[in-house]
Each structure stands twice: as C-alpha cells, then as structure tokens.
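Summary of structural features
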Amino acid sequence: MNESTIRNRRILIKNTENGEIIADTKILGFNSLTNSVRISAASLPDKKYYRITAFIFAEECLYELSGTIKGVMVDNEIDVLLGRSKEKEDRARTRYPVELKGVISHIIVDGRAICLRKPMHIRTINMSANGVLMKADAGCFGVGDGFVLTLTVERGTIILHCGIVRINHNNMLTEEYGCRISGIQLERETQG
C-alpha cells in the first residue's frame, strides 16, 4: 500500500465497538512513516477517540485494516492510524461484511439499461473488490442476468453494474445473489 495506490480512494470506517459506520469518505493522503491516512474532518461527525476497522477500496483490491482515530484535527484533516493489513493469498476476491441498503432501478437487456417501473430493494451481505453478495426477494433473477444497483452511503451513492453468477436459496421469500461487478461509479452528494 502506498500513496499512489490509495490517494483519493474510498475509505469506509467502522467503529469496532458497535459496528457502526462512522465515516465514508475519500483518502486525502498517506503517511508511510506512521502508516496513517488523512481524511477530511468534515467526514467524521464526532471528533473523538475510536478503535476502528477501515476498508480501503483500492483500484485492484480491497484492504481491511484495524486502527485508531484520536480525533485531533489539523488543517481540517484527521489522521486515521492503521495497523498492518492481513496478508491474504487472494485479497482481491476476499469478501468483507458490508451491510448497505440498495435499489435496483435498471436491468440490462442486450447491453441496454431498461428502467424498471417499480425498483427492487435489496440489502448487501458482503463485498469484495469485484463482487457483491446481496439478499433480495426470491425469483427476482437468474444466473447471467444483469442490472444496475445503487447503494446509498453517507456522502453520496455508489452505482454498480452487476451480473448474477450464483444463487443461494435462503427460504421461500428471499434468496442470496452472488454478483460480479463490471463497473463502479461514485456520485458525491452536492451541498446546496
């Protein structure tokens, strides 16, 4: 991990005590001497000490790191001190628990996005750098179906272009859909 691979990348920070997401923002810089990243102070509502788990969405992989935030603000930025990342054989495909609510507003038919009259609501179970496992109503999709998924995060939305690669039958009402991500777009919330 270095400055060029993670600068301006998305970082999702969870409080390890209660599992709450306390920040969802971008990395402003990386300090290799202290193994820390800088984030905007505005992205952290409560400036205090936290023990955290950070998920860094790099271009080719997803990093999971433990760490701390001391809550000290310098030049409208806060340092997030990171521990060592867990070395895994195939980190790009390792899945991490990330529960978000989402909406499927378009399905892909013959390469074209077709708008649904009634959007489908889903919940993510976990994500990796190139996939997402989601829970939705049973019978919504078959293997090979494509769609556009919008996930709402603290400061905007993430738009994923996905295709179903496997289906796990949960019960009569819901199924878990394993999806491969073919495209990602982050839309920042604009301040009015």
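Residues numbered from 1 in each chain as written. Predicted model: local features only at pLDDT ≥ 70, side-chain atom pairs only at ≥ 80, totals over all residues. Heavy atoms only, no water.

Reading fine detail from the predicted coordinates is not recommended where pLDDT is low. Averaged over all residues, the pLDDT of the chain equals 84, while 89% of them reach at least 70. Below pLDDT 50 for its whole length, residues 87-92 participates in 13 contacts with residues either more than four positions away or in separate chains. (pLDDT = per-residue confidence, 0-100. Contact = heavy atoms within 4.5 Å.)

One open sheet holds the 7 strands; their spatial order is β2-β1-β5-β6-β7-β4-β3, and the pairing between them is antiparallel. Of all the strands in the sheet, just β2 (21-26) and β3 (29-31) have a single pairing partner and so form its edges. Each neighbouring strand pair of the sheet contributes to a mean axis angle of 30°, computed without reference to strand direction. Bridge count for strand β6 (residues 62-74) against strand β7 (residues 77-82) is 5 bridges, and the pairing is antiparallel. (Pairing = 2+ DSSP bridges. Helix = DSSP H or I, 4+ residues; strand = E, 2+ residues; numbered from the N terminus. Axes fitted to C-alpha atoms, helices over the stretch in contact; angles between N-to-C directions.)

A word on the nonpolar core. Where a protein is soluble and globular, its nonpolar side chains tend to be buried together. Ile-104, Met-134, Phe-141, Phe-147, Leu-151, Leu-160 and Cys-179 are the most contacted members of the largest nonpolar core, which has 27 residues in total. Mapped onto this core, the elements with two or more residues apiece are β5 (50-57), β10 (112-127), β11 (131-137), β12 (146-153), β13 (156-169) and β14 (174-188). The contacts of Ile-104, once residues within four sequence positions are left out, are Leu-116, Pro-119, Met-120, Ile-122, Met-134, Phe-141, Phe-147, Val-148 and Leu-149. Residues Ile-6, Ile-13, Val-37 and Tyr-63 belong to the second largest nonpolar core, which totals 22 residues. (Core = buried A, V, L, I, M, F, W, Y, C linked by side-chain atoms within 4.5 Å. Buried < 20%, exposed > 50% of the residue type's maximum accessible area, 1.4 Å probe, protein only.)

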